[in-house]
Structure formats: C-alpha cells, structure tokens
Amino acid sequence: MIKNTKNLQKKNILSLEDVSISYGTFEAVKNVFLNFKAGDITSLIGPSGCGKSTVLRALNRMNDLIPNCSLKGTVLFDGTNIYDKRVDPVEVRRRIGMVFQQPNPFPKSIYENIAFGARINGFTGDMDQLVESSLRKAAVWSECKDKLNDSGYSLSGGQQQRLCIARTIAIEPEIILMDEPCSALDPISTLKIEETMHELKKNYTIIIVTHNMQQALRVSDMTAFFNAIEYEDGDGGKVGYLAEFNSTKKIFNSPKEKTTQEYISGKFG
Amino acid sequence: MNSLYYQKKLSRNVGDKFFTFLSLFFALIAILPLIYVVTYIFIKGGAQINSDLFTLEPNPPGDDLDAGGINPALIGTLVITTIASIISIPVGVGGGIYLAEYSKGGPFSKFVRFGVNVLAGVPSIIAGVFIYALIVSTKILFGSMYSGLAGGMALSILMLPTVIKTTDEGLKLVPNELRYASLGIGASMYTTILKITLPTAFRSIATGIVLGIARAAGETAPLIFTALFSYYYITGFGDLFYEMGSLAVLIYNFALEPYDAQNKLAWAASFILVLSILIVNIFSRILAAFTEKTKRV
C-alpha cells in the first residue's frame, strides 16, 4: 500500500494519448493510452506482431526512419508533443536514447564508440573521465579498460551490448529505450545486463521491450501487456492494442484480463 | 543393393565429369583473349621501352626515322583523368549519398537511378560528341576550342555512372543498425553519414572510383572530339585550354601511320597504358583487402 502511494507521487515523464501507428494502410497498433513514470523500469510484453516494438520506436521518433510509417495521437514528453511539427527529432533522440536488439557498436575503437555521441552533443568536459564513468555504469569497464583503443567488434556479444548501453548513457539522456536488448545474448550476459539496468534505474527512466516474461518480472516495476486482435472485417490481418497496464506484481499475480493470464502462463504467444 | 563405393562408370558420374571438364574448357577460352592481348602488348611494347620514351616529344610522322617519345601524351592522360576525377567524384559521391541516404524511393530517385543506368550504357563516343557540341564548337571556355579541359569533362561523363552506382550500392550495404545506432544517440543525418556510414562504405566507394578512373583513362573516342592531340610538351596551367595529347589518342593516331617508327611508339604507349590500368586495378584490390582487414580488427 505504501509503495503504491509512492508510485502515485512519481511524475509522468512520458505519456501516450490515443496513439495509433500505421505502416502505409496497415494499422499496426491502435488507441494506446500509457503513462511512463520517471525513475521506473517499464516493460512492454506481448506476442509477436502486437506492436510493442513499434510503440517503443515511436517514443523517440525512430519510426521516422521507416518509410510510410505514420502516427496519430500525441506523445507527451516533458509537456511537449514530440510529434508536433516544430519538434526536431534529433533533439528528442538526444534526450531519449535507444539500445537495439542486435548489439551495434560503431566500427571504431571502444573509446571512440563512447566519445562519438558525447562529442556530437557538444560535450566539452573531460572525455577520458566520461568514457570511464559511462563504461562503469554499464558494468563493462573492467573488461574494456585495458583495450580502449581496440575495435568495438573485438568484444563478445554481451560486452558489445553493454558497450552500446554505455554509449547511450554517455549522452546523458533522461529516458533509455531498450528493444529486446538481451534476445541475441546468452543467459550470463543477460544477467549482467539486467544487473546493469538495476544500477541505471537510480538515474534514468528505462522502457524495455522483452519477449522474456521472466526478465520482465525480474527487472521491471510496471508492465504493459500488448495483444493483437484480428480486424473486425476478418481478412486475417491483426492490429495490436494495449490489453493491460499495471504494476509488474499485479500483472503477473492477479491479472485482470483473461488474455494476460493466458499469455503469462504460456498458453499462447 | 548398390555398393556405397564411388563407381566411375555410372552414367551420372560420367556426365558429372564431362560437364566439369566442359565448363573448365569454356572458362579457359574466356580468359584466353585477355592473356593473349596482354602478352602480345607486353612483348611488342615492352621491347620499345627506353628512357627517351618518357622524356621526349613525339616527332611528326615522316620527318625522320626517329619517332621521339610520348611524354606529352603521358602527362596529358594524367591531367585529363585528374580533371575528370575532380568533376565526377564530388558529383558522383554526392549523388550516390542522395540516392542511398536521403531519397525515400520516390519517383525522382527512381528516375535518377534509371538515368544513371542509361548513362552507363551510353557509347563513349556520344559523350565526346556531347561535349563537342556543348563546349568545343561553342568556344564557351574563354574562346578555346579543343582543350584538355573539354577532354576531362567528356571523360567525367563516363566516370559518373560508375561512381554514383558504387557509392549508392556501397552505402546500401551498410547495415541499417549502424545508422539507427548513430541516430539513436542524437546524431543528425549529416553527422551520421559523414562519420559513420561513409567511412564504413569507404572501401567499396574507393574501389568504384579507382575502377572508374581506370576505365576513363583508356577511352579514345570522347577525346578525339574534345582534347584532340598535341605533339608538344605541357608546360603550364594555360595549356589546359589548348589541344592536349593522350596515350589513347596517340595509339589511335600512330598505329595508323605508314611509318614503322610511329607504329613502334604506338606499341610502347599501349604497353604503358595497359600496364598502368593493370596497376590501378591491382591497387584497388589491395585497397579493398586492406580496408577489409582494418574493419574486422
């Protein structure tokens, strides 16, 4: 009960209001209302094709890069609709960073991987220190400290992914979006990244898409369950929607919706 | 039950052997012209190589038995290809960047891609005639007619499609994840292209440029209409506005002369031209291998 009141006091950092996203004429997800609280880890779960990754990419306008993708509704960040015509998507992405499914370090040295983002964001402080602190926060410093000048590709998959997290941290965003960050990794690397996320939670708001329900349960405070239903005209196409959004505990222990119950118990998905 | 051992006489094995040898045979026939041409030129031309060749002007045919050297043509080829590169590399790389990074597959980019493909198939003589009509016959370049500059422009038209295509395709090979990574940490499109995508695609773009140069350097037809030919040394910047010799046109002119001395000069020029194109091609391979290695560290 006490925890609940604490949750209420946290401010909404990002809100989706009646958001529908389409690729061309195909509607991927519709009528989503969702509030992300500052300092929380929120996970988005659901079966394939329910639009959870689409929603995540909409949060920092990465969908702009996909041809024909359009969004209706408002995404409020810091009191501004980030889909307002006057908004510069580059600025949005500087404040809402993203970590991708596949580790994608730049073909540069480990040091440069971190320094690149900071430099283009006009960082003027001590770069060595920033590189070290970013790598420490992403829990990959001990593995990297002796080979900062080696290529980012010389690291293992899990280390690369933590390098990518460090790279995102280095630009000091307010929110970090993670699109299935562990799906290409082995269990031990996954565990390390989850530990990293717990550390990051102190300073950042994290929104993570995951296929792994155990991961959602382990790392997140809030969970949004997305599902897909067939169109009413019944031509076989599916449209995603937000089925249930609540604290992770409630979603996993006493879900309100029957589909949520079925999904988390592995009956479909 | 059939034995599991390989049986030579089985019809499928006989057929297999036959077609293997057949394809090998055709492959040999296919490279035969290359080997023959290169060997012939190396033997005929290699014998004519001496230091005078690189330093002297060619003598007008029929004057005496000594043909002189090919210095003006050698320098001319270098100058004309350099001019062609200066024009076509920025335009081509810029166009390629637009196609691969900025255009969203709309009608304009489709039109440009189609145009580039057509341009790649245009016979080189058309490029020469075009520049002749545009520059030479109008005397638009400070009153000069045939000039090295016009020759460079004609060759740049031939280089352009190669450069655009290789840039476009090289950039398309860069994984999108890399672009997303850069944009996802707040880099602008411009920074992403300049610092991430272009360096990653550098290998294929550079290879394309080098191959474009190699192709342009050996072209004759466009130069006959634009740069024409000159017997005299290139001495200064002003010579750009006058007729300029080149190896390709020198071969064309002297190979048809009835005098033996000029014919020999043409062989020597052929040797140097083929050798330098070969070297440029090998260089592009080395460049490719080298950047590949550094990328995978």
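In what follows, the accompanying structure is described. (Residues numbered from 1 in each chain as written. Chains lettered and ligands numbered in written order. Predicted model: local features only at pLDDT ≥ 70, side-chain atom pairs only at ≥ 80, totals over all residues. Heavy atoms only, no water.)

## Brief notes about the overall build of chain B
Heads up, the condition is: The secondary structure listing takes helices from DSSP runs of H or I that are at least 4 residues long and strands from runs of E that are at least 2 residues long, numbered from the N terminus. Each radius of gyration is computed over the set of C-alpha atoms, and the globule rule expresses the reference value as 2.2 Å times the number of residues to the power 0.38. Only heavy atoms matter for contacts: two residues are in contact if any of them lie within 4.5 Å across the pair. Accessible surface is estimated by sampling points in the Shrake-Rupley manner with a 1.4 Å probe; for residues, cover comes only from the protein chains shown.
Looking only at helices and strands, chain B has eleven helices and zero strands in total. Listing the helices and strands of chain B from first to last along the sequence gives α-α-α-α-α-α-α-α-α-α-α. The globule rule puts the C-alpha radius of gyration for 297 residues at 19 Å, and the 24 Å found for chain B is more than 25% above it. If you line up chain B on its principal axes, its C-alpha atoms span 85 × 65 × 35 Å. Intrachain contacts of chain B at a sequence separation of at least 6 include 73% that bridge at least 24 residues. When the accessible surface of chain B is split by element, carbon and sulfur atoms take 70% of a total near 16400 Å².

## Overview of the pairing of strand β2 (residues 26–37) of chain A
Residue and element names in this part refer to chain A. For clarity, the cut-off: Should DSSP find at least two bridges between two strands, the strands are regarded as paired.
Note that strand β1 (residues 12–23) and β2 share eight bridges and pair antiparallel. Considered in β2, the bridge of L14 is made with F36. What sits between the antiparallel neighbours β1 and β2 is a turn of two residues, in which G24 has the positive phi angle 60°.

## Let's talk about empty space enclosed by the protein
Residues and elements named next belong to chain B. Inclusion rule: Think of a 1 Å grid over just the protein atoms. A cavity is a set of points where a 1.4 Å probe fits yet cannot get out, a pocket is an open set with protein on both sides within 12 Å along at least five of seven lines, and lining residues have an atom within 4 Å of a point. Grid points are joined across faces, edges and corners, and a volume is the space filled by probe spheres set on the points. Under the scheme applied, nonpolar residues are Ala, Val, Leu, Ile, Met, Phe, Trp, Tyr, Cys and Pro; charged residues are Asp, Glu, Lys and Arg; polar residues are all the others, including Gly.
In this structure the tally under the stated criterion is one cavity of 30 Å³ or more. When its volume is computed, the largest cavity comes out at roughly 30 Å³. Around the largest cavity, the lining residues are T77, I80, T81, L155, A217, L223 and S246. Per element, the largest residue contribution to the lining of the largest cavity is three residues, and it comes from helix α3 (residues 71–102). Its residues assigned to classes, the lining of the largest cavity comprises four nonpolar, three polar and no charged.

## Some points on a nonpolar patch on the surface
Residues and elements named next belong to chain B. Using the following cut-off: Here, patches come from residues exposed beyond 30% relative accessible area and free of salt bridges, joined within 9 Å for like charges and within 5 Å for nonpolar side chains (Val, Leu, Ile, Met, Phe, Trp, Tyr). Salt bridge criterion: a side-chain nitrogen from Lys or Arg within 4 Å of a carboxyl oxygen from Asp or Glu.
Where nonpolar side chains cluster on the molecular surface, the patch consists of Y98, Y102, F108, F111, Y190 and L194 and spans about 690 Å² of accessible area. Elements with a minimum of two residues in the nonpolar patch: α3, α4 (107–121) and α8 (189–217). By secondary structure assignment, the location of Y98 is in helix α3.

## Brief notes about the side chain of A:Q215
Residues and elements named next belong to chain A. Heads up, the rule is: Only protein chains enter the accessibility calculation, which uses a 1.4 Å probe. A residue is then buried if its area is under 20% of the maximum for its type, exposed if over 50%, and partly exposed in between.
With respect to the helices and strands, the residue Q215 is situated in helix α9 (residues 213–219). Look at Q215 and you get buried, because its relative accessible area is 2%. Sequence-distant contacts of Q215, that is, excluding residues within four places in its chain, are made with C182, T190, E194, I208, T210 and S220.

## Comments concerning the packing of helix α4 (residues 110–120) of chain A against helix α5 (residues 127–137) of chain A
All names here are of chain A. Defined as follows: A fitted line through C-alpha atoms serves as each axis, taken over the contacting stretch for helices, and the angle formed by two N-to-C directions is quoted from 0 to 180°. Here roughly perpendicular refers to angles of 65 to 115 degrees, roughly parallel to angles under 35, roughly antiparallel to angles over 145, and oblique to all remaining angles.
Where α4 meets α5, the axes come as close as 10 Å, and the angle between the chain directions of the two elements is 110°. Judged on the interaxial angle alone, α5 and α4 are roughly perpendicular. Within the contact between the two elements, α4 uses I110, Y111, I114, A115, A118 and R119 and α5 uses M127, D128, L130, V131, S134 and L135. For the contact of α4 with α5, the class distribution of residues is nine nonpolar, one polar and two charged.

## As for unusual backbone geometry
Leaving glycine out, the prevailing phi sign among residues is negative, and the prevailing peptide bond configuration is trans. Residue and element names in this part refer to chain A. Non-glycine residue N68 carries a positive phi angle of around 75°. Inspection of the secondary structure puts N68 in the loop between α2 (52–58) and β4 (69–77). The backbone of E180 shows a phi angle near 45°, a positive value even though the residue is not glycine. Structurally, E180 can be placed in the loop between β7 (175–179) and α8 (187–200). Residue class for E180 comes out buried when judged on its relative accessible area of 9%.

## Brief notes about the nonpolar core
Heads up, the condition is: The definition of a nonpolar core used throughout is a set of buried Ala, Val, Leu, Ile, Met, Phe, Trp, Tyr and Cys residues joined through side-chain atoms within 4.5 Å.
In terms of nonpolar packing, the biggest core is built from 59 residues, with A:F106, A:F116, B:I70, B:L155, B:L247 and B:L250 touching the most fellow members. Those elements giving two or more residues to this core turn out to be α4 of chain A together with α3, α5 (124–136), α6 (148–173), α7 (176–184), α8, α10 (247–255) and α11 (260–295) of chain B. When residues no more than four places from it in sequence are discounted, the contact partners of A:F106 are A:N113, A:F116, A:R167, B:L178, B:A181, B:S182, B:I185 and B:I196. Judged by nonpolar contacts, the second largest core, of 34 residues, contains A:I21, A:F100, A:L177 and A:F226.

## Some points on the interface of chain B and chain A
One widely used convention gives an interface's size as the accessible area the parts lose upon coming together. Note the following rule: Simply put, the buried area is the total loss of 1.4 Å probe accessible area from both parts when two parts are fitted together. In protein, a polar contact requires one atom able to donate a hydrogen and another able to accept it; more generally it is a pair of N or O atoms within 3.5 Å, and residues adjacent in sequence count only if both atoms are side-chain atoms.
Each side of the interface is counted separately: chain B has 17 residues, and chain A has 25 residues. Around 1800 Å² of area is buried between chain B and chain A when both sides are counted, 73% of it from carbon and sulfur atoms. Applying the counting criterion to the chain B and chain A interface returns four residue pairs in polar contact (both at pLDDT 80 or more). Among the secondary structure elements, those contributing two or more residues to the side of chain B that touches chain A are α7 and α8 of chain B. By residue number, the principal contributor to the side of chain B that touches chain A is α7(B), which donates seven residues. Broken down by class, the residue content of the side of chain B that touches chain A amounts to eight nonpolar, six polar and three charged.

## Some remarks on the environment of B:I213
All names here are of chain B. Locating I213 in the fold gives a position in helix α8. I213 sits 58 residues away from L155 along the chain, and the two C-alpha atoms are 8.9 Å apart. Residues contacting I213, with those up to four places away along its chain left out, are T81, S85 and M159.

## Thoughts on the pattern of salt bridges
Residue and element names in this part refer to chain B. Scanning the model with the defined rule gives 17 salt bridges over all chains in all. For K172, the salt bridge goes to D168, with nearest N and O atoms at 4.0 Å. Note that K172 and D168 are positioned in helix α6 at a spacing of four residues, about one turn of the helix. For K172, a relative accessible area of 49% puts it in the partly exposed group.

## Some thoughts on the packing of aromatic side chains
Quick reminder of the rule: Two aromatic rings from Phe, Tyr or Trp, using only the six-membered ring of Trp, form a pair when their centres are within 6.5 Å; if the ring planes differ by under 30 degrees the pair is stacked, by over 60 it is edge-to-face, and anything between is tilted. Only when the NZ of Lys or the CZ of Arg is both within 6 Å of the ring centre and within 35 degrees of the ring normal is a charge said to sit over the ring.
A complete count under the given rule lists 16 aromatic pairs over all chains for this structure. With a centroid separation of 6.4 Å and 75° between ring planes, the pair formed by B:Y132 and B:F225 is classed as edge-to-face. Here B:Y132 is found in helix α5, whereas its partner B:F225 is found in helix α9 (residues 221–226), with 93 residues between them in sequence. Taking relative accessible area as the criterion, B:Y132 reaches 29% and is therefore assigned partly exposed. Residue classification places B:F225 among the partly exposed positions, given a relative accessible area of 28%. Connected via pairs of aromatic rings, a cluster forms that spans B:Y36, B:Y40 and B:W267. Positioned above the aromatic ring of A:Y83, the side-chain terminus of A:R61 is 5.2 Å from the ring centre. It is A:R167 that lies over the ring of A:F106; its NZ or CZ is 4.4 Å from the centre.

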